[in-house]
Structure formats: structure tokens, C-alpha cells
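Structural overview for review
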Amino acid sequence: MISTMKDRVGLLIGLMVCLMTVAFSSIGIYTPAMPAIARDLGVGQAEVQATLGIYLAAFAIGQLLYGPYSDRYGRRPALFVGLVIYVIGSVMCMTAPSIEMLMVGRGVQALGGCAGPVLSRAILRDLFDRDEGARIMAYIGLVMGVAPAFAPVFGGYLEVAFGWRSIFVLLTILGAIVLVLMIWLLEETNQSPHGTKRDGVLSMVLEYPRILRSRAFLGYTLITGFSMGTVFAYVAAAPFVLIDLLHVPPNLYGWYALIPTGANIAGSFVAGRFTRRMGGERMILIGTGFVLAGGLLMLLFVGLGILSIATVVGPMCVIHLGVGMLFPSATQGAVAMFPTRAGTASSLNGFLQMMIGALSATLVGYLPGQSQLPMALMMAGSAVLTVLSVLLTRTRVKAA
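What comes next is a walk through the structure. (Residues numbered from 1 in each chain as written. Predicted model: local features only at pLDDT ≥ 70, side-chain atom pairs only at ≥ 80, totals over all residues. Heavy atoms only, no water.)

It is worth spelling out the nonpolar core at this point. Burial of nonpolar side chains together is a common tendency in soluble globular proteins. Within the largest apolar cluster, 110 residues are counted, with the highest numbers of intra-cluster contacts made by Leu52, Leu56, Leu102, Tyr234 and Met375. Per-element tally for this core: the top contributor is helix α14 (residues 215-245), with 17 residues. (Core = buried A, V, L, I, M, F, W, Y, C linked by side-chain atoms within 4.5 Å. Buried < 20%, exposed > 50% of the residue type's maximum accessible area, 1.4 Å probe, protein only. Helix = DSSP H or I, 4+ residues; strand = E, 2+ residues; numbered from the N terminus.)

What follows is the structure, given as C-alpha cells:
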């Protein structure tokens, strides 16, 4: 079966795109409705932003389980469980009568949705070496970027036309469709006796401290985590900056959110086209440079007192370009450190990424100031930490 899936790269990319689209579209699709949710449920900005932080935190925690589970029982059963949980969580969000229930629903939704990205990384590691896996991951990022990019656009129009609950109706339907596709088309790729016969899930979970002792793994993971921290700070704060401060209508907000994602797609294209020629390490360095430049540029505009759509969206484009370039090589670099524990390593990698993102998205709502300053501070700080994380990858530890 492995050889069959390996030879059907187009189908594999399509399935991985579906999985990641469901998971990551769920992050941003409701952001244009955040102000409306706050008004409808009678809560403040920070409480609504916390639903994003809860999604990211639950997304992170869930990944700690799916990787070891998939190493023990297979990728297909783990994906089935995750997608069923995702559909249940989407229904809970759709019917939530209060902000507390919406928070719970978002948490359940994330616990299911996180199965897609973590198992996609593991499946690629089952089938390909590091550079080839990074190249394919880059193309997956290039294609899948379209749906999450348009998610806020659809979310904005749905909120204006039918109310914010219609957004979660759509996510419920999408989750059910992807579940059927996975059952029908995805073949099992984990054929390792080491992962499926000898070890239990608990013993694999206990591998986490050993994996964390790898400075290379930690470095690659923190590079992706802090670079995504800049993105999630923007996702959480930008709706209030653009809609409340710059008076962008909710149904137009998504179009402005689409612009930076186009830069991410461009970065993914560059990574897919040149990673094999330039090498993953050089691609990470170039991407990190763009992330730092964008973060500092955002802070510079705040210091100059310039607030406009261009000074908010422009620096984010620079950051997204860098993230698109560095993310495939850094992600596959982390997972490649532990080829016999690809699912477990992928889980820990995803957990740390999303926990950093959750912290960034949550803290930005509690920083003082009713301007773009909190967003700029969080983004610039995360960009600097991305650069510092590169230093950890300079000392290689032999892969287990």
C-alpha cells in the first residue's frame, strides 16, 4: 500500500490539502464575525479572542495523542477518530447559547481538527525522505493556502447574510465530507512493526522527553512555532484593528485578510521550487529574515504613528512570505530527527507550534492599548524569537 500511495502523489497531495484545509480554515473563517459574536453574546473583545486561543491550545494538546496513537494503530484509524470529534465540536459551536459554550465547542472542534496536520506530516515521513517530504509539503502549502485564504472572505459574507452561526454550519458540512473522503481514498502508510506491534501508546508518549533533548528538533520546532506566533497574533488582533479602528466592513475584511495569505502561497511556491537546489537550511535562513523584517516593520509604523490598511496588511505580507519559505523545511527537519517515531515526533512538533500560537493569540488581547500597538509588539517579539531559535539548529544531535 505504501508504494501505491507513494506513486499517486497527486491524490496524496489532494487528501493532505483537504485535511489541512479543514483544520486551518477553522481558525480564520470566523474572525470577521468576532465583533458580531461579542455583541450577540454580550461579551468583550478579550473573551471572543480567547475562543481563538482555546482552539489553538486544544489543537496543540490533541496532537500529543494522535501521533503516538497512529504509530501504534495506524494513520487511518487516528484520522477517523479525529474527524468525528471535529464534526461534533462544529455542531456544538453552531448551537452554542453562550460564550462559555462556544469556548467548549471550539476546544472540542480543535481536538478533532488537529489530527489532520499532525498525521499529514507523519504520512509524508512514512513515504519520503526529508528533502522530498519538504518539497511535497511546500506544494501542499501552496495549494491548501487557497481555501484558508478565502475562509475569512466566506466567513464575512456568511455573517452578514445569515449570522455568525452559519459559519459553523458550513464547517460541520465540510468536516463530514472530508471524513467520507478519507475513509474512501486514503490507504494506510504506517507499516512499521516497531510502531504497531511492540509498543503501547503510553510507552510512545514517554518518548517525548527524549525527543525534547534533541536541540535540533527543538530548534526547528521553535522556528515554526514563533514564526506562526506572529501570524496568530495578527489573526486575533487584525479584525478589531481593521473593523473597529479602520471601519472596514466585515464582508470586506476577508479580502484584506486574503492579501497576506497570497504572500504565503508565494513563499510556499519558492520553497517547493528551490528547496532541493538550495537546501532546507538556506531556505530556513532566508525565510527567517523575511519574518524579522516584517515584524520590525509593523513596529516601526506604530512608532511613527501611522495607521492605515497598508501599514497593517503590508508588513504581514512580508512575514507570510517568510513563513511560506521556512515552514516546510523546518517542519520536516524536526520530524526527520526521529524516523522510527514519525507520528510521535510530529505530535510534539505540532503541540509546541500551536501552544506558542495559542499564547500569542491570547496575550495580544490582554496587552494594554486600544490601537495596533499590542499586535505590533507581539508580532515583533515573536519574530525576534524566531531568529534566536535558528541558533538551536546549529548544533546537530544524531537522529534516533
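Attention now goes to the environment of Tyr208. Relative to the helices and strands, Tyr208 is located in helix α13 (residues 208-212). In sequence terms Tyr208 and Leu64 are 144 residues apart; their C-alpha atoms lie 9.0 Å from each other. Non-local contacts of Tyr208, meaning those with residues more than four positions away in its chain, are made with Gln63, Leu64, Leu65, Pro68, Thr344, Ser347 and Leu348. (Contact = heavy atoms within 4.5 Å.)

Right, let's talk about the side chain of Glu159 for a bit. Assignment of secondary structure puts Glu159 in helix α9 (residues 146-162). The side chain of Glu159 sits in the buried core without any salt bridge; Arg39 is the nearest counter-charge, 5.3 Å away. Not counting residues up to four positions away in its chain, the partners in contact with Glu159 are Ala33, Ala36, Trp164, Ser166, Ile167 and Pro250. (Lys, Arg positive; Asp, Glu negative; His and termini not counted. Salt bridge = Lys/Arg side-chain N within 4 Å of Asp/Glu carboxyl O.)

Moving on, we get to the packing of aromatic side chains. With the rule as written, the count across this model stands at four aromatic pairs. For the ring pair Tyr55 and Phe59, a centre distance of 5.8 Å and an interplane angle of 40 degrees mean the geometry is tilted. Remark: Phe59 and Tyr55 occur in helix α4 (residues 45-73); sequence separation between them is four residues, near one turn of the helix. Relative accessible area serves as the criterion here: at 0%, Tyr55 is assigned to the buried category. (Phe/Tyr/Trp six-rings, centres within 6.5 Å; stacked < 30°, edge-to-face > 60°.)

Attention shifts here to helix α3 (residues 34-41). A large share of α3 lies buried, amounting to six of its eight residues. Here α3 has its buried residues at Met34, Pro35, Ala36, Ile37, Ala38 and Leu41. Gly42 sits one or two positions beyond α3 and adopts a positive phi of about 70 degrees.

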